[in-house]
Amino acid sequence: MKTLPFANAEKVLVLSFVGTIEPGSHKRKTFSEDRDDYSNPRPVLLNWIVLISFCYLILPVMIFISGFVRVEISSVLFGLTTFVCYRSFRHVMTSRELKMQIKNVLPEWRLWRWHLLLMVVLALGWLSFSSIGGIGYRNFDSGIRSSLLWHLVTSSWPLYFPAGYFGDSFGLVSDKAYVYYFAYYLPAAVVGKLLGWKAANLALFAYSWLGVWLALVLVRVYMQRQGSVVTLTVFAGICLFGGLDYVFNWLLAFTADRSEMWLSPFHYFSHTRNLFWAPQHCLPSWLMICIILNRRQISPLLMHIFPLVIVSLLLWSPLCLIGIVPFIFPVLKCYWKEWLRLNPLSILTSLLFILLTAFIISNDFSFEILFAPYYVDNFWRNYSLFVLAEFAILSAVLFWFPFRKMDFDILSIALPMLFIIPFFTLGTWNDWTIKLSMPSLFVVSVMVIKQIIRLMENKRKSASITVLLFAACAFTPLEELVYSARHYRISFESPPEIREFGPTYIVWQQLGDPGSFFFRMIARQ
């Protein structure tokens, strides 16, 4: 495997990824030579993938504005969005970089097409066991996810529930609005309204497939190495990344359930379980972390849109957004002046922030955040076991070979976050640890993959130890995959309605006040 050396971008503003490959004419640079700046070559392919990722995350918000917001407000927002897009497009079309980018698209495509196609197939295989869109085994959360999509497809927007709908068991004496972070479901819901329930499920699966593929490809480009082995390593590293839950539970016999529930209420799930159980949370987290990791190679024109995308995550997953915020600071130090400048884009971002915040705070917030040391039995013992099993032991391999400064900056945020998050809990299943940990865990997984590749590339003896340790952690996601395979089925039947899950389930987390500011002043009547 060869490293793709970077040329001096001060001589050429934007170079192709292909143009950086000079067989036999350059010595491989050491990692310490990588500078923490934004002057490196910007691959055309990477920028296209980032643009698609931005559209992927913003599209549901545009659908939300169209279906949930008053016509006069949505018209203003869409007019402003159209103007911003027009200005950005005109800027790109008149830039000096465009001709060189067009010239380099085809060579880059020839270099990367096999890797892109391979990731398409691998992502499909992984997702086929997930239960998303009715494809794969039905896990505990797939029912409530299907119910959410069902109501979005069959009901008019905004969604309201009369008090009588839930019955006496809920004890509700007033009407409730559906207030939840359901961005992930909106594109499929639109398809379902047009073509029916089965089409909505297939659209949700296709939308998830695209999201997984984008994340995998962004990690693959971030590795900056050639070879199909690297592509396969990236996929295996993401798919099989987990903690030592299976090993610790086997040794200590904490639970008869699947091993990732071994030390409740502490939960750091593997990527496979997060994808199978909570795709609406993990996909935006993965994409945003990938973009932050690749930030030095992304065009500044695209990074100017970054705040708009961050704000869009309020409708995807507010908890994951909290987990992502610390990783924004390394990007902020380069772009903060541009982001604070008053222009149509910053105005649009501010208006969108106000609108989405008004919607989210309409939720009843029936679960409070608790300080775990005060009420969790044997907190310090369990906390220590949890930290060791989930990331501390595996993370030790990251210090066997030095990282460049940019990578270390991101890693120095991820590891402290993973130590701090378990001190708080939220909700019946502790959504706080599950959701907030997704960005940091993804950072650690990418760095571990990169470390494995570098150790093998440099033929270090510690490479075999690292691979064996990773393999021990892989038993945890493999348990989820095996369970899925044993209970595999494909079904598009109508799900239960939300009231059928009962008041003790997470239904309370999806209800809000129809008399709030959003529903009185902003929502369609």
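Residues numbered from 1 in each chain as written. Predicted model: local features only at pLDDT ≥ 70, side-chain atom pairs only at ≥ 80, totals over all residues. Heavy atoms only, no water.

*Asks:* Describe empty space enclosed by the protein, naming the residues involved and giving the relevant values.
*Replies:* Following the criterion strictly, the structure yields three cavities of 30 Å³ or more and no others. Approximately 70 Å³ is the volume attributed to the largest cavity. Along the walls of the largest cavity sit Ser131, Ile132, Gly133, Gly134, Ser142, Arg145, Ser146, Leu149, Tyr185, Asn201 and Leu204, which together make up its complete lining. Elements that contribute at least two residues to the lining of the largest cavity include exactly α4 (142-154) and α7 (197-223). (1 Å grid on protein atoms, 1.4 Å probe; cavity = no way out; pocket = protein on both sides within 12 Å on 5 of 7 lines; lining within 4 Å. Points joined across faces, edges and corners; volume = space filled by probe spheres on them. Helix = DSSP H or I, 4+ residues; strand = E, 2+ residues; numbered from the N terminus.)

*Asks:* Please provide a residue-by-residue account of the sheet that holds strand β1 (residues 160-161), values included.
*Replies:* Hydrogen bonds between backbone atoms are what pair the strands of a sheet, whose relative direction is either parallel or antiparallel. Read across the open sheet, the three strands follow the order β1-β2-β5; overall the sheet is antiparallel. Either end of the sheet is taken by a strand with one partner, and the two such strands are β1 and β5 (511-512). Bridge analysis of strand β2 (residues 176-178) against β5 gives two bridges, and the strand direction is antiparallel. The residue of β5 that forms the bridge with Tyr178 is Leu511. (Pairing = 2+ DSSP bridges.)

*Asks:* Describe the environment of Tyr160, with residues and values.
*Replies:* Structurally, Tyr160 can be placed in strand β1. Given the relative accessible area of 37%, Tyr160 is considered partly exposed. In this structure, the C-alpha to C-alpha distance between Tyr160 and Pro514, residues 354 residues apart in sequence, is 7.7 Å. With sequence-adjacent residues up to four places away left out, Tyr160 is seen in contact with Lys176, Ala177, Pro514, Phe519, Ala523 and Arg524. (Buried < 20%, exposed > 50% of the residue type's maximum accessible area, 1.4 Å probe, protein only. Contact = heavy atoms within 4.5 Å.)

*Asks:* If you had to explain the nonpolar core to someone new, which residues and values would you point to?
*Replies:* Counting residues in hydrophobic clusters, the biggest one holds 174 residues, and the most contacted among them are Phe64, Trp126, Leu152, Phe182 and Phe306. The residues contacting Phe182, other than those within four sequence positions of it, are Phe64, Phe68, Leu148, Leu152, Leu315 and Phe359. (Core = buried A, V, L, I, M, F, W, Y, C linked by side-chain atoms within 4.5 Å.)

*Asks:* Give me helix α17 (residues 405-420): which residues, what numbers.
*Replies:* Two residues of an α-helix separated by three or four positions point the same way, owing to the 3.6 residues in each turn. End to end, α17 covers 23 Å across 16 residues, agreeing with the expected 22 Å (1.5 Å per residue, within 8%). All buried positions along α17 are accounted for by Met406, Asp407, Asp409, Ile410, Leu411, Ile413, Ala414, Leu415, Met417 and Leu418. (Expected span 1.5 Å × (residues − 1).)

*Asks:* Go over the packing of helix α11 (residues 279-293) against helix α18 (residues 431-457) with me, naming the residues and quoting the values.
*Replies:* Contact geometry for α11 and α18: axes closest at 9 Å, N-to-C directions at 45°. By the angle between their axes, α11 is oblique relative to α18. Every pair of crossing elements has a handedness; the one defined by α11 and α18 is right-handed. Contact residues: α11 offers His281, Cys282, Ser285, Trp286, Ile289, Cys290 and Leu293, while α18 offers Lys435, Met438, Pro439, Phe442, Val443, Val446 and Met447. (Axes fitted to C-alpha atoms, helices over the stretch in contact; angles between N-to-C directions. Parallel < 35°, antiparallel > 145°, perpendicular 65-115°, else oblique. Left-handed = near helix turned anticlockwise from the far one by under 90°.)

*Asks:* Would you mind going over helix α19 (residues 462-486) in detail, with residue names and values included?
*Replies:* The end-to-end C-alpha distance of α19 is 36 Å, a good match for the 36 Å that 25 residues give at a rise of 1.5 Å each. When the local axis directions of α19 are compared, the greatest deviation, roughly 35°, occurs at Thr476, which is followed within four positions by the proline Pro477. (Bend = angle between axes of the 7 residues up to and from the residue.)

*Asks:* Run through the state of the cysteines, naming residues and quoting values.
*Replies:* Tallied over the entire structure, the rule returns zero disulfides. The structure places no disulfide on Cys282, whose sulfur is separated from the nearest cysteine sulfur, that of Cys320, by 8.1 Å. (Disulfide = S-S within 2.5 Å.)

*Asks:* How would you summarise the confidence of the model for the protein chain if you had to cite specific residues and measurements?
*Replies:* Looking at the protein chain as a whole, the pLDDT averages 84, with 87% of positions reaching at least 70. Across residues 1-41 the pLDDT falls below 50, and counting only partners more than four positions away or on other chains, this stretch makes 84 contacts in the model. (pLDDT = per-residue confidence, 0-100.)

*Asks:* Break down unusual backbone geometry for me, with residues and values.
*Replies:* Trp157 connects to Pro158 through a cis peptide bond whose omega is -10°. On the secondary structure map, Pro158 appears in the loop between α4 and β1. Ser264 connects to Pro265 through a cis peptide bond whose omega is 10°. For Pro265, the position within the fold is in the loop between α9 (245-252) and α10 (271-277). If you check the backbone angles, Ser131 has positive phi at about 80° while not being a glycine. If you trace the backbone, Ser131 turns up in the loop between α3 (97-127) and α4. Using a relative accessible area of 2% as the deciding quantity, one classes Ser131 as buried. For Asn378, which is not glycine, the phi torsion reads 50° and is therefore positive. The topology assignment puts Asn378 in the loop between β3 (369-371) and α16 (379-395).

*Asks:* Report on the pattern of salt bridges, specifying residues and quantitative values.
*Replies:* Tallied over the entire structure, the rule returns eight salt bridges. The salt bridge partner of Glu457 is Arg225, with a shortest N-O separation of 3.1 Å. One end of the pair, Glu457, is in helix α18; the other, Arg225, is in the loop between α7 and α8 (228-239), and 232 residues separate them in sequence. Accessibility assignment for this pair places Glu457 and Arg225 in one class, buried. (Salt bridge = Lys/Arg side-chain N within 4 Å of Asp/Glu carboxyl O.)

*Asks:* Please provide a residue-by-residue account of the packing of aromatic side chains, values included.
*Replies:* Applying the stated criterion across every chain, the model contains 48 aromatic pairs. Ring centres of Phe129 and Tyr488 lie 5.5 Å apart, and the angle between their planes is 70°; this geometry places the pair in the edge-to-face category. Here Phe129, found in the loop between α3 and α4, pairs with Tyr488, found in the loop between α19 and β5; they are 359 residues apart in sequence, far enough to count as distant. What makes Tyr488 partly exposed here is its relative accessible area of 35%. On the numbers, 5.5 Å between centres and 15° between planes, the contact of Phe379 with Tyr383 is stacked. With Phe379 and Tyr383 both in helix α16, this residue pair falls four residues apart, about one helical turn. Like Tyr383, Phe379 is buried. The lysine or arginine in question, Arg273, covers the ring of Phe269, its NZ or CZ lying 4.5 Å from the ring centre. In this structure, Arg273 is placed above the aromatic ring of Trp277, and the distance from its NZ or CZ to the ring centre is 4.1 Å. (Phe/Tyr/Trp six-rings, centres within 6.5 Å; stacked < 30°, edge-to-face > 60°. Lys NZ or Arg CZ within 6 Å of the ring centre and 35° of its normal.)

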